[in-house]
Amino acid sequence: MTDTTDITRLVRFTAVGLDELVQAKNQGFKGEITHVAAGTARYDPSGAEVALKDERQRVAIVDYEDLGGGGLRIAALFDGALEYEIGEFGFYLATGTLLAVFSQAGVLQTYKSAQARVLQRFTLDISPLPTDSVTVVVGSENLNVLLTDEIAQLATASVDNMARHLGLLFRVIGLEAK
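Definitions and cut-offs
- Residues numbered from 1 in each chain as written.
- Predicted model: local features only at pLDDT ≥ 70, side-chain atom pairs only at ≥ 80, totals over all residues.
- Heavy atoms only, no water.
- Helix = DSSP H or I, 4+ residues; strand = E, 2+ residues; numbered from the N terminus.
- Polar contact = N/O pair within 3.5 Å; in protein donor to acceptor, adjacent residues only side chain to side chain.
- Contact = heavy atoms within 4.5 Å.
- Buried < 20%, exposed > 50% of the residue type's maximum accessible area, 1.4 Å probe, protein only.
- Pairing = 2+ DSSP bridges.
- Expected span 1.5 Å × (residues − 1).
- Arc of directions from axis to C-beta.

Student: What should I look at first to understand the side chain of Q57 in this one?
Tutor: When you line up the elements, Q57 lands in strand β4 (residues 55-68). A distance of 2.6 Å separates a polar atom in the side chain of Q57 from the backbone oxygen of D79. Q57 has contacts with V36, A37, A38, F78, D79, L82, Y84 and K112, leaving out every residue within four places of it along the chain.

In structure tokens, the structure reads:
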């Protein structure tokens, strides 16, 4: 079971995360979003969180796309032998500070079984954050999963090109046989 649906997530930015971004911006730096964590708790975030309530796994971001207008699409791959219900997601800065939380009281987001890899994509609206205060750092396992439309178009063009060449080949073979 691999979840690849692109769901726009409404996240609650944390006070500690916002404070760190403001301090970094005032010093001429940007906060770097580097990890996404998953946990089992199901609650409505308040913004006062400093950590997920029941974190089970934290992974490096595997891909991201800047959508412009304050939108970021981030992908995280949860794999390994762990098995757990996912009720909360957290977005962490390179310093380990929790920047944002997504959870809903009583709502199961997805399930991570021991044999499965869960690819979770998020569309984050970072427009409430200070302008140019955040960037995304992709970990070492870059899947380019957010380029699927472009890859599909290239594959379609390649197959169409091969079909034209085969048609041409069959015409040449037919002409040579006469």
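From this point, the narrative continues.
Student: How should the pairing of strand β3 (residues 31-39) be read in this particular structure?
Tutor: Side chains on a regular strand alternate between the two faces of the sheet. Within β3, seven of the nine residues are buried, which leaves the element mostly enclosed by the surrounding structure. The sheet contact formed by β3 and strand β11 (residues 134-136) spans three bridges and is parallel. Of the residues in β11, the one forming a bridge with I33 is V136. With five bridges joining them, β3 and β4 adopt antiparallel strand pairing. Paired with A38 across the strands is Q57, a residue of β4.

Student: Just to check I follow, could you spell out helix α1 (residues 15-26) for this structure?
Tutor: For an α-helix, 3.6 residues make a turn, and residues three or four places apart therefore share a direction. With 12 residues, α1 ought to run about 16 Å at 1.5 Å a step, and its terminal C-alpha atoms sit 16 Å apart, in line with that. Residues of α1 that are buried: G17, L21 and A24. Projection of α1 onto a plane perpendicular to its axis shows the buried side chains occupying an angular sector of 65 degrees, all on one side. Away from the buried face of α1 by more than 90 degrees, exposed residues A15 and N26 are located. Packed against the buried residues of α1 are β3, β7 (88-93), β8 (98-103) and β11. Following α1 by one or two positions, G28 has its phi on the positive side, about 85 degrees.

Take it as geometry only, folks, not as evidence of what the structure does.
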